[in-house]
Amino acid sequence: MQQGTQLKGDIMSNYLSPRSSIGIIGTNEQAYQLALAAKKLGYRVNVLGTSMFNLVKAEADQYFIVESMQDQRAFKKLAQVSDVVLYTNENFPNQFIKLMNQFAYVPQSENMHFFTTDRSVQNVMLEGSGLDLYPYVLAVTVEDVRDALSSFGSPCTIRTTLSATHKPAIEINSEEDLSQAEALLGYGPCIVEPIQERVRRIVITTIKDEAGEFFHFPISAISIDDETKGFVSAPAQLEEATAHLMEQATEGIGRMNDFVGLFSVEYALTEDDTFYIKEITNYPHKALDHTLKSHTFSTYEAMIRLAVGLPLNQLNHPTANLIYWRFNEKQLGMVEEKLLNNTSTDVVFYPNYLDERNDPYDTIGHVFMHQTAKATSSKQSNQDKPEERADQSEE
């Protein structure tokens with residue numbers, strides 16, 4: 001989104017008044033922030049998921065805990081008690097969206113869900129559009145994985161093409177790891193990708209409005225340095241021409257599917273400024289969580305506003321280098337050091353911080369820092385310094 005940009009339109013055709021109900025599929029941290037944004041705007045929240053992250057449950061007016069994301073009756077029930085349904089966990093059958101659309105508005109369309117949940121189909125579509133993908137091999141057998149390892153060199157990662165399998169990626173360093181790859185292949189075709197050093201992770205989150213126009217939040221960079229790995233900074237330090245080309249590529253992806261809403265694209269950027277598409281999601285990427293504090297409205301509020309037909313008004317970009325990251329119990333010492341030694345540090349603890357049952361790796365808060373800098377446009381960015389642990393979680 002460009003600095004001071006006004007999104008077109010006033011109240012849109014799908015307007016829902018406050019006290020209407022928003023269904024959210026997923027109980028991860030994104031679902032929690034989405035629920036908070038909905039409550040802030042005066043909407044009821046219904047949540048469905050296979051577990052009930054306690055923060056999400058606290059915000060839910062109704063919640064449905066299911067044993068499996070294949071539970072068609074639960075999805076139907078969620079839609080029946082909601083006016084609009086959004087998801088931050090896409091690991092459910094594509095046909096459920098058509099089912100839910102009979103009872104509620106699902107702005108994350110059926111074809112967009114299909115596009116983001118099947119990597120093999122997605123890659124074919126992207127390649128057909130002339131977009132550059134991160135190097136990969138589609139593996140069906142262990143021999144395919146062995147050939148990919150020989151071609152790319154080690155290490156590589158292997159993951160299932162379907163996100164619905166909900167299986168984490170596996171790192172392969174040698175032939176000794178092929179037995180793990182074989183187990184993963186038991187769930188279906190897999191994508192094998194090289195792990196390349198010094199390849200920057202860049203995330204662009206974009207809004208597509210009812211008129212089919214696009215507006216970009218500031219480009220964000222996820223740190224790859226050992227000391228600050230997983231932290232994110234915004235705006236990312238990029239050549240203006242490179243940033244412009246990445247935004248154009250992002251808009252090209254948005255035009256491939258019929259939907260209104262928000263989506264994120266993660267790119268791999270090499271040292272010679274060549275970039276490749278690495279991941280696409282049609283909900284807020286955690287790398288943009290700095291917008292919770294730094295912007296007129298966050299990516300989560302933007303998603304709610306688009307879903308209920310509220311105008312987005314004006315988004316003023318910050319004039320500072322932003323650093324943001326989430327922390328867990330084991331990182332409290334580092335957080336306290338930042339808090340005591342930096343007057344521009346804000347620390348927010350989540351309500352679950354006081355729950356002694358927490359896993360030591362559960363997120364219990366976030367840190368936001370800013371450094372004075374010259375004003376930048378949305379097509380420029382800053383240092384790859386800390387912001388949160390920005391890996392996407394599914395549930």
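Preceding this section is the structure that the text describes.
Keep in mind the model is a prediction, meaning the values are calculated, not measured.

Visitor: Got a sec to walk through the overall build of the protein? Specific residues and values, please.
Guide: Scanning the protein from N- to C-terminus turns up 12 helices and 19 strands. Residue burial in the protein is summarised as follows: out of 395 residues, 57% are buried. Across the protein, contacts joining residues at least 24 apart in sequence account for 66% of those joining residues at least 6 apart. Entry remark: accessible area of the protein is about 17,100 Å², with carbon and sulfur atoms responsible for 47%.

Visitor: Which residues make up the nonpolar core, and what values go with them?
Guide: Residues Ile22, Ile24, Leu34, Tyr43, Leu86, Ile304 and Val308 are the most contacted members of the largest nonpolar core, which totals 29 residues. At the level of elements, strand E2 (21-25), helix H1 (29-40), strand E3 (44-49), helix H2 (54-59), strand E5 (84-87), helix H11 (299-308) and strand E17 (320-328) are the ones that each hand at least two residues to this core. The element best represented in this core is H1, accounting for six residues. Within the second largest apolar cluster, 25 residues are counted, among which are Ala221, Ala236, Val265 and Leu269.

Visitor: Could you give me a rundown of the side chain of Arg119, with the residues and numbers involved?
Guide: Mapped onto the secondary structure, Arg119 falls in helix H6 (residues 119-128). Leave out the neighbours within four places in its chain, and Arg119 touches Arg159, Thr161, Ile191, Glu193 and Lys278.

Visitor: Describe the packing of H1 against H11, with residues and values.
Guide: A pair of packed helices is characterised by two quantities: the angle between their axes and the separation of those axes. With their axes 8 Å apart at the nearest point, H1 and H11 run at an angle of 60° to one another. Considering the angle they form, H1 stands oblique to H11. Crossing angle aside, the handedness with which H1 passes H11 is right-handed. Note on element contacts: H11 touches H1 through Tyr300, Glu301, Met303 and Ile304, opposite Gln30, Gln33, Leu34, Ala37, Ala38 and Lys40. Split by residue class, the contact of H1 with H11 holds six nonpolar, two polar and two charged.

Visitor: For the packing of aromatic side chains, give the residues involved together with the corresponding values.
Guide: How two aromatic rings sit relative to each other is given by the distance of their centres and the angle of their planes. Taken as a whole and assessed by the stated rule, the structure comprises nine aromatic pairs. Pairing Phe75 with Phe92 gives two aromatic rings, centres 5.1 Å apart and planes at 45°, and the pair type is tilted. One end of the pair, Phe75, is in helix H3 (residues 72-80); the other, Phe92, is in the loop between E5 and helix H4 (95-100), with 17 residues separating them in the sequence. The interplanar angle of 85° and the centroid separation of 5.6 Å between the aromatic rings of Phe259 and Phe263 together place this pair among those described as edge-to-face. Per residue, the accessibility class of Phe259 equals that of Phe263, and both read buried. One aromatic cluster is present, built from ring pairs that chain together Phe75, Tyr87, Phe92 and Phe96. Above the ring of Tyr134, the side-chain terminus of Lys278 is found at 4.0 Å from the ring centroid.

Visitor: Could you give an account of the sheet that holds strand E4 (residues 62-65), naming the residues involved and the relevant values?
Guide: Strands sit in the order E4-E3-E2-E5 across an open sheet of four strands; the sheet is parallel. For this open sheet the edge positions go to E4 and E5, each flanked by a neighbour on one side alone. The sheet shows a mean angle of 15° between the axes of neighbouring strands, direction not considered. Pairing analysis gives four bridges linking E3 to E4, with the strands arranged parallel. Residue Val47 lies in a different strand from E4, and its bridge partner there is Tyr63. Packing against the sheet, H1 makes contact with E2, E3 and E5, and its axis sits at approximately 175° to E2.

What counts as what
Sequence order as written defines residue numbering, which begins from 1 separately in each chain. Residue-level local features of this predicted model are given only where pLDDT is at least 70; pairs of side-chain atoms are given and counted only at 80 or more, and the full residue set underlies all totals for whole chains, interfaces and linings. Values shown for side chains rest on all heavy atoms present in the structure; no hydrogens or waters enter the calculation. By definition, any uninterrupted DSSP run of H or I lasting at least four residues is a helix, any uninterrupted run of E lasting at least two residues is a strand, and each is numbered from the N terminus. Categorising residues by exposure relies on relative accessible area from a 1.4 Å probe, with only protein chains included: less than 20% of the type maximum marks a residue as buried, more than 50% marks it as exposed, and the intermediate range marks it as partly exposed. By the convention used here, residues are in contact when the closest approach between their heavy atoms is within 4.5 Å. Values of accessible area rely on a 1.4 Å probe in the Shrake-Rupley scheme; residue burial ignores everything except the protein chains shown. Buried residues of nine kinds, namely Ala, Val, Leu, Ile, Met, Phe, Trp, Tyr and Cys, make up a nonpolar core once their side-chain atoms join them within 4.5 Å. Note on geometry: axes are lines fitted to C-alpha atoms, helical ones only across the stretch in contact, with angles between N-to-C directions running from 0 to 180 degrees. Any angle that is under 35 degrees is reported as roughly parallel, and any over 145 degrees as roughly antiparallel; angles of 65 to 115 degrees are reported as roughly perpendicular and all others as oblique. The crossing is said to be left-handed when, going from far helix to near helix, the turn is anticlockwise and less than a right angle, and right-handed when the turn is clockwise. Classification used: nonpolar for Ala, Val, Leu, Ile, Met, Phe, Trp, Tyr, Cys and Pro, charged for Asp, Glu, Lys and Arg, polar for all others including Gly. Classification of ring pairs rests on two measures: the distance between centres of Phe, Tyr or Trp rings, Trp counted by its six-membered ring, which must be within 6.5 Å, and the angle between planes, read as stacked under 30 degrees, edge-to-face over 60 and tilted in between. Only when the NZ atom of a Lys or the CZ atom of an Arg is both within 6 Å of the ring centre and within 35 degrees of the ring normal do we say a charge sits over the ring. Two strands form a pair only when DSSP identifies at least two bridges running between them.

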